[in-house]
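Spelled out from the first residue to the last, the chains are:
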Amino acid sequence: MKKKRLLAIGLVAVMAASLAACGSSDSSSTTTDDTSSSAEAETSSSSSSSSSSGDVITYWNIATEGVDQEVMQYAVDQYNENDADTYGYTVEVTSIQNDNYKEKLVIAMSSGECPDMYSSWAGGPLQEYVESGYGVAVTDLVEEYGIDEILLESALSQGMIDGEVYGVTYKGISICGVFYNKTLFEELGLEEPTTLAELEEVCDTLLENGVTPFALGNSTKWQGSMFYQSLATRYAGLDEFRDAYDGSGTFESDGFIYAGNKILEWAEKGYFQEGCNGVSTDDGQDRQAIYQGTCAMLCSGSWYTATFQNDDADWYSENIGWFAFPQIEESDDAEGNYYLANGTVGDQFITFTCEGDKLEAAFKCYTYLLSDEAIQIGVDGGNIPPVEGVEDLVTDPVSQEIIAYVNECTDVQLWYDQYLPTEVANAHLDNSQLLFSNETTSEEVAAAEQEAMQDYLAE
């Protein structure tokens, strides 16, 4: 398969030289959480090394801990124990922390050493990877193995490009919402807000009682982006963003200006965790503030149901509630916009670069991720799988509330930083982050996003 040069990769010539080959002769499971090459990562043995098969399928993902790692390892072990000799390939896993993953993946692609199967995101990144030659269509395999009958239709469609399936998911109905300490709310006589005005009243009451309203780990920028995206969606719906994306509109329109101004206002009032742009969500610094009671709410993806449960299931069940991001009454369609979700019906899409017999083997390994056993492991760990009948599988009340909201939603917009082309996503993340430290204006953020979008469309 011909490999074309990826767009928007800086310093590739220098950085690619330090990358070790993706595959190796053994079938160990490697985990790394820094920017060193995979060859320098700490390696631990796993049951996936039990097969005697000599040829290796390399599988990169971000399942570095908790239930995600448990589900992934279960599937790989099942394949290696039951199918490796039949297909003649053993699957080798490399798990990389989320913040470093995209960089390592792009470097691997640039050096022509892309893994055979890898975790990705739908939207812009998937489109770029496929257009650059690092993804093959698996539509026939999806039908052959009945994956189209297991996954929700919306989950399957998010991995499609021009009618062909290039990415298949297995985990996570992940939409944006607000987790909150319901015990703290009860102590202060607070109720779940349904409008933005009510949310601001809650925030003011919390501040009066010495509690910061929102925990926020924004060193990685994407958690702050969720505020920006949620505010823009609740104010203007999804058409403004989609028009800006295809060039028929602009990022300098009313919804984005409103979102930026509201974040600036909230930052000035002290609604966000102190020094939030230096706080790491990967290190759990944001949720620690929830546990300690110094912050009351956390606006993020619904995968936090699993994160909280992995930390302390009993504390989670006693203390955590959830509500969808509230309506904005000034909106022209406040109620309609409330039922527009931001997120994804299916989180982490596996894309394949191998072909022929190797692709058949790699896809067979993927199917174990949708086995009844793997799905149950995910559910028990707090994941909400994007599969048919999910409402009958989940017993966690918070997860049930999230599913009920999703079932009422009329549309779902993928996260901006995943949907947008890489250059535009970076402009969005870099500039919107500055809103939380009052270092920019909403107009400047919008102008930077629009310039990046225009440059991309011009190419």
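Residues numbered from 1 in each chain as written. Predicted model: local features only at pLDDT ≥ 70, side-chain atom pairs only at ≥ 80, totals over all residues. Heavy atoms only, no water.

S.K.: Please clarify how empty space enclosed by the protein should be interpreted in this entry.
M.R.: Regions of empty space are outlined by a rolling probe, equal in size to a water molecule, passed over the atoms. Taken as a whole and assessed by the stated rule, the structure comprises 3 cavities of 30 Å³ or more. Around the largest cavity, the lining residues are Asp68, Val71, Tyr170, Lys171, Leu369, Ala374, Ile375, Gly378, Val379, Asn383 and Pro385. When residues of the lining of the largest cavity are traced back to their parent elements, those giving at least two are helix 2 (66-82) and helix 18 (372-380). Counting residues per element, the lining of the largest cavity draws most heavily on helix 18, which supplies 4 residues. When its residues are assigned to classes, the lining of the largest cavity shows 7 nonpolar, 2 polar and 2 charged. (1 Å grid on protein atoms, 1.4 Å probe; cavity = no way out; pocket = protein on both sides within 12 Å on 5 of 7 lines; lining within 4 Å. Points joined across faces, edges and corners; volume = space filled by probe spheres on them. Helix = DSSP H or I, 4+ residues; strand = E, 2+ residues; numbered from the N terminus. Nonpolar A, V, L, I, M, F, W, Y, C, P; charged D, E, K, R; others polar.)

S.K.: What should I look at first to understand the packing of aromatic side chains in this one?
M.R.: Given two aromatic rings, one states the distance between the centres and the angle between the planes to describe the pair. Counting across every chain of the model gives 37 aromatic pairs. Look at Phe227 and Phe272: their rings are 5.2 Å apart centre to centre, the planes differ by 80°, and that puts the pair in the edge-to-face class. Residue Phe227 is located in helix 11 (residues 222-236), and its partner Phe272 is located in the loop between helix 13 (254-269) and helix 14 (285-292); the two are separated by 45 residues in the primary sequence. What makes Phe272 buried here is its relative accessible area of 7%. (Phe/Tyr/Trp six-rings, centres within 6.5 Å; stacked < 30°, edge-to-face > 60°. Buried < 20%, exposed > 50% of the residue type's maximum accessible area, 1.4 Å probe, protein only.)

S.K.: Is there a simple way to explain the side chain of Thr351 in this structure?
M.R.: Structurally, Thr351 is set in strand 14 (residues 349-352). By relative accessible area, which is 0% here, Thr351 ends up buried. Discounting residues that sit within four places of it in the chain, Thr351 has contacts with Asp116, Met117, Tyr118, Ser120, Leu126, Tyr134, Gly135, Tyr166 and Gly167. (Contact = heavy atoms within 4.5 Å.)

S.K.: How do you make sense of helix 18 when you look at a structure like this?
M.R.: For the α-helix, the turn length of 3.6 residues means that residues three or four positions removed from each other point alike. Restricting attention to buried positions, one finds in helix 18 the residues Ala374, Ile375, Ile377, Gly378 and Val379. Each element contacted by the buried residues of helix 18 is listed here: helix 2 and helix 19 (390-393). Following helix 18 by one or two positions, Gly382 adopts a phi angle in the positive range, close to 105°.

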